[in-house]
Amino acid sequence: MEPMYENGINARKTDNLIRKAGILFALTLTAETVCGCGSSKNPVQIATVSETSETECVVPKTEFIPEEITENATETVLEETYPSQEQMTEDESFLAEWIASLQSDDCKLCIWNKIEKQGELLENGGTYEFGEGDELVLYRPVEISAFTTPGNAIYIGSNIYDSYDVIQMKFYEPGEYEFGIVSLSGERTYFDYTIVPPLTEDLLAKMTGEEWANYLMKDTPTFIVWNDVTGLKKELSEGEEYQLQAEDVLAVYHGNNYKLIEVLPDGKAIFSYKYYDIIRYAREDSFDVTASLSNVNDTTDVVELSFTLLQDKS
């Protein structure tokens, strides 16, 4: 973990500490990081390449910059004349209104979705999906001397506003990402989040079935099957017929909000994990498999799933 930020960003996804262990898996990522920072009323594009694994950005026009920051930081000085508030685009205006509604004295990281035009604050230690239309926002109502970004992600640049920065970053794998800020007195504050990027075809191909099952982060339960020999990873739809193959692993995915009540017919063995339960059958005939799950927060919320399992007779 190398970098850090401080400002508001919205996390509309699950902020669940428990998911950290399940979604982390060993992938290697080497990346150059890019840095830019500052403050203004409207955006100023900045993109400066840094070869350090940790990107530290110095906010201009501050009275104190710690020596340990300046060694690796890229300092950006901005002009004092910027476009007026009225020159903002419609999307920028929506974000500016949401930022103004935060009314916090503390720096925050947020996720803002420019498609849905909604944002939420990130809570330290939380888990968040980073999907289409999402962008990081550093909310900084107080003056800071520097902020840093993670070395295990790619920092592209920032749009700089008077009290917040829109940060362009790319995340290539689920994992822990550490941001931080440095106050004018040199005090560092770190923010540690687990971020789950969109599941690309390349990323899916690198995953084992277990890693994929831990990555799903679905809101509703479903039957899933995977095969690490063939590379199959599949969700089974309601009422679907599925032909069981050698080395297939069949499971009920319940996620974090549901728990398995029963599976019929009873499997030969059921192995329970955090987000799914593996079921094995010894029968040679074809039959319907059904599962019942209840919401851990509301026992009246019961989900029933079913599909037809066609046994492999080869």
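Up top is the structure.
Sequence order as written defines the numbering, with residues in each chain counted from 1. Given that the model is predicted, a residue must reach a pLDDT of at least 70 before its local features are reported, and side-chain atom pairs must reach 80 or more before they are shown or counted; all residues, however, enter totals for whole chains, interfaces and linings. For side-chain calculations, the full set of non-hydrogen atoms in the structure is used, while hydrogens and water are omitted.

Caption draft 1: Representation of the overall build of the protein. Helix and strand definitions here come from DSSP, where helices need a minimum of 4 consecutive H or I residues and strands a minimum of 2 consecutive E residues; each element is numbered from the N-terminal end. In terms of helices and strands, the protein carries five helices and 23 strands. Per-residue accessibility, obtained with a 1.4 Å probe over protein chains only, is compared with the maximum for each type, and a residue is labelled buried under 20%, exposed over 50%, and partly exposed between these values. Across the 314 residues of the protein, 49% fall into the buried class. By definition in these notes, contact holds between two residues if any of their heavy atoms fall within 4.5 Å. For the protein, the share of sequence-separated contacts (at least 6 apart) that also reach a separation of at least 24 residues comes to 65%. Within the structure as shown, the protein displays about 15,300 Å² of accessible surface, and the carbon and sulfur contribution to it stands at 46%. The protein chains shown are the only cover counted for residues, whose accessible areas, like all others here, come from Shrake-Rupley with a 1.4 Å probe.

Caption draft 2: The arrangement of the environment of Gly125 in detail. Assignment of secondary structure puts Gly125 in the loop between strand E7 (118-121) and strand E8 (127-129). It is 7.6 Å that separates the C-alpha atoms of Gly125 and Phe191, two residues lying 66 residues apart in sequence.

Caption draft 3: Spotlight on helix H3 (residues 90-102). By definition here, a helix of n residues has an expected span of 1.5 Å times n minus one. Here H3 contains 13 residues, and its C-alpha end-to-end distance of 19 Å stays within 8% of the 18 Å for a straight helix at 1.5 Å per residue. Buried within H3 are the following residues: Glu92, Leu95, Ala96, Trp98, Ile99 and Leu102. Considered in projection along H3, the buried side chains sweep an arc of 165° and stay on one side of the axis. Residues of H3 that are exposed and point over 90 degrees away from its buried face: Glu90, Glu97 and Ala100. For H3, the secondary structure elements touched by its buried residues are strand E6 (108-113), E7, strand E9 (134-139) and strand E12 (164-170). Positive backbone phi, approximately 50°, marks Gln103, located one or two places after H3. The arc in question is formed by the directions pointing from the helix axis toward the C-beta atoms.

Caption draft 4: Spotlight on the sheet that holds strand E19 (residues 258-264). Any two strands with at least two DSSP-identified bridges between them are counted as paired. One open sheet accounts for four strands, arranged E17-E23-E22-E19; its pairing is mixed. Both outer strands of the open sheet, strand E17 (241-243) and E19, are each paired with one neighbouring strand and no more. Ignoring strand direction, the axes of neighbouring strands in this sheet form an average angle of 30°. Where E17 lies against strand E23 (residues 302-310), three bridges are found, and the strand directions are parallel. Across the sheet, the residue bridging to Gln243 is Leu310, located in E23. Simply put, an axis is a line fit to the C-alpha atoms, just over the touching stretch for a helix, and the angle between two N-to-C directions goes from 0 to 180 degrees.

Caption draft 5: Examining the packing of aromatic side chains more closely. Think of it this way: a Phe, Tyr or Trp ring, Trp meaning its six-membered ring, pairs with another when their centres are within 6.5 Å, and the plane angle makes it stacked under 30 degrees, edge-to-face over 60, tilted otherwise. If you walk through the whole model with that rule in mind, you get 11 aromatic pairs. For the pair Phe171 and Tyr177, a centre-to-centre distance of 4.8 Å together with 80° between the ring planes defines the contact as edge-to-face. Each member of the pair Phe171 and Tyr177 is classed as buried. Ring centres of Trp226 and Tyr276 lie 5.5 Å apart, and the angle between their planes is 85°; this geometry places the pair in the edge-to-face category. Taken together, the residues span a long stretch of sequence, with Trp226 in strand E15 (residues 222-227) and Tyr276 in strand E21 (residues 276-280) at a distance of 50 residues. Judged on exposure class, the residue Trp226 and its partner Tyr276 are both buried. Linked through ring pairs, Tyr128, Phe179, Phe191 and Tyr193 together constitute an aromatic cluster. The positively charged end of Arg283 is found above the aromatic ring belonging to Phe287, 4.1 Å away from the centroid. To sit over a ring, a charge needs its Lys NZ or Arg CZ within 6 Å of the ring centre and within 35 degrees of the ring normal.

Caption draft 6: Region of interest: the sheet that holds E15. The sheet built from five strands is open, its strands ordered E16-E15-E18-E21-E20 with antiparallel pairing. For this open sheet the edge positions go to strand E16 (232-236) and strand E20 (269-272), each flanked by a neighbour on one side alone. Ignoring strand direction, the axes of neighbouring strands in this sheet form an average angle of 25°. Looking at chain direction, strand E18 (residues 249-253) and E21 are connected through four bridges and run antiparallel. The residue of E21 that forms the bridge with Leu250 is Ile279.

Caption draft 7: View of the nonpolar core. The biggest cluster of nonpolar side chains holds 21 residues, and the ones touching the most others in it are Leu136, Met169, Phe171, Phe179 and Tyr193. Of all the secondary structure elements, the ones that give two or more residues to this core are E6, E9, strand E10 (144-149), E12, strand E13 (175-183) and strand E14 (188-196). To define a nonpolar core, start from buried Ala, Val, Leu, Ile, Met, Phe, Trp, Tyr and Cys residues and group those joined through side-chain atoms within 4.5 Å. Counting 19 residues, the second-largest nonpolar core is a separate cluster that includes Phe223, Tyr242, Val252 and Tyr258.

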